Amino acid sequence: MKNMNLFDKVLVAKEQLKGVVNPTPLMKNINLSDEFKANVFLKREDLQIVRSYKIRGAYNKISFLTPEDKNNGIICASAGNHAQGVAYSCNLLKIKGVIYMPLTTPKQKIKQVQSFGKEFVQIVLEGDTFDDAYAKARTYATLHKMTFIHPFDDEKVIAGQGTIGLEILEATTASIDYLFLPIGGGGLAAGVSTVFKKLSPNTKIIGVEPLGAPSMKTSIENGANTPLDTIDKFVDGAAVKQVGNLNFDICAKTLDDIILVPEGKVCTAILRLYNEEAIVVEPAGALSIAALDFYKDKIEGKNVVCVISGSNNDIERTEEIKERSLLYEGLKHYFMIQFPQRPGALKEFVNEILGPDDDITYFQFTKKNNRETGPVVVGLELKNAADIESIKSKMTHNNFPYRYLNEKEEMFFYN
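This is a predicted model, so every value here is computed, not measured. (Residues numbered from 1 in each chain as written. Predicted model: local features only at pLDDT ≥ 70, side-chain atom pairs only at ≥ 80, totals over all residues. Heavy atoms only, no water.)

*Asks:* Any chance you could explain the sheet that holds strand β2 (residues 39-44) here in plain terms?
*Replies:* Each strand in a sheet pairs with another by means of backbone hydrogen bonds, the pair being arranged parallel or else antiparallel. Strand order in this open sheet of six strands is β1-β2-β10-β7-β8-β9, and the pairing throughout is mixed. What marks the edges here is a single partner per strand, and that holds for β1 (26-28) and β9 (257-261). Neighbour to neighbour, the strand axes of the sheet diverge by 25° on average, direction disregarded. Relative to strand β8 (residues 204-210), strand β7 (residues 178-182) is paired through five bridges, and the arrangement is parallel. Counted as the bridge partner of P182 is V208 from β8. Along the sheet face, helix α8 (residues 155-170) touches β1, β2, β7 and β10 (303-308) and points at about 135° away from the line of β2. (Pairing = 2+ DSSP bridges. Helix = DSSP H or I, 4+ residues; strand = E, 2+ residues; numbered from the N terminus. Axes fitted to C-alpha atoms, helices over the stretch in contact; angles between N-to-C directions. Contact = heavy atoms within 4.5 Å.)

Printed below as a string of structure tokens:
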């Protein structure tokens, strides 16, 4: 395989994955198609055996190891989905593996890794981010002479993930005008875009990153693979400080654009998919759909494919997902208000300031003696985002001095 180009390696990977990876459906979504006046198809990698596309790259890489490498064992670092792919492969091939994951990994993903790997895997939780876990895993691999299975910066991993591109094109005879691909480390985008540039060169390929972790976009704009100093870890499956070197080189040539999607917008997409389609996705899994709004004028009347990359979402995150969505949509607002310390002040606030559809969802007040007013932190949930300006005006008019807290996001999220 040394002298093969990447596209040919994708073709080999397709054969290697037969009987291991389930070909996932390409399904037209009626609601999204109607909203954007386009033919929107979802590539349902959330229905994969480990609930994400990561099994494709992990198994393809591991299956090519020498008997000696397999005997020495393997090791990886992952925010969750790659770990599940590696764990499943270890169990299937009866290989011992050590899996490093960040301490911040959702419990659901940790449990799934153990379930897929059973007695063949050992899980080690290390650091706050993928990059922290990655550094520790690389050190451990060197000390114990184990093969490191990179989640994205490896040609066999990229080739395995590129098989998604083959499946998309095999599933439809219609030309695909736009393809939206989520980007974390860049393995999926590198593999699938390579296939499309070969077999469907007229398709516009749009990469999608979370706004808080724009590692690929930053690197392409800088003309060099550039590590980020800090990232928002919320979209954990796509939040890396630096993309792979191979992935950067490929994506810089194959991607037509990269969209940065605010984390709150991603949350809105997660809730919508659940409520309207009964589709459960993790934050990274919703990236491609959340990006459609930013391209709505261009995709009208076009054939569009969005890759749904994973459904490993922890139910314990639901409240934070809802909160982020409401804040992004302008339906949740926090204030620090100077309340008069007298009976009836709260009743006056409710009657004079709030509308019939507005709700107080948070109220924290500590009464202090010998003060005419006291600070109260209030959370409001509105039915109509436009009503917030009226509420601010009424507070000023009715002598409820306030500080608006929504810009201070660190007060609400602890990632």
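*Asks:* Would you mind showing me how to read the packing of helix α12 (residues 263-277) against helix α15 (residues 318-328) here?
*Replies:* Where α12 contacts α15, the axes come no closer than 7 Å and their chain directions differ by 115°. With respect to the hand of their crossing, α12 and α15 are arranged in left-handed fashion. Contacts between α12 and α15 pair E263, G264, K265, C267, T268, I270 and L271 from the former with I321, K322, R324, S325 and Y328 from the latter. A breakdown of the residues in the contact of α12 with α15 according to their chemical character gives five nonpolar, three polar and four charged. (Left-handed = near helix turned anticlockwise from the far one by under 90°. Nonpolar A, V, L, I, M, F, W, Y, C, P; charged D, E, K, R; others polar.)

*Asks:* Mind showing me how you'd approach a nonpolar patch on the surface here?
*Replies:* Together, L346, V350, F363 and F365 line one region of the surface with nonpolar side chains, adding up to about 300 Å² of accessible area. Counting residues per element, the ones that place at least two in the nonpolar patch are α16 (345-352) and β12 (359-365). Structurally, the position occupied by L346 is in helix α16. According to the relative accessible area criterion, L346 is partly exposed, its value standing at 39%. (Patch = residues over 30% accessible without salt bridge, like charges linked within 9 Å, V, L, I, M, F, W, Y side chains within 5 Å. Areas by Shrake-Rupley, 256 points an atom, 1.4 Å probe, with all protein chains shown as cover. Salt bridge = Lys/Arg side-chain N within 4 Å of Asp/Glu carboxyl O. Buried < 20%, exposed > 50% of the residue type's maximum accessible area, 1.4 Å probe, protein only.)

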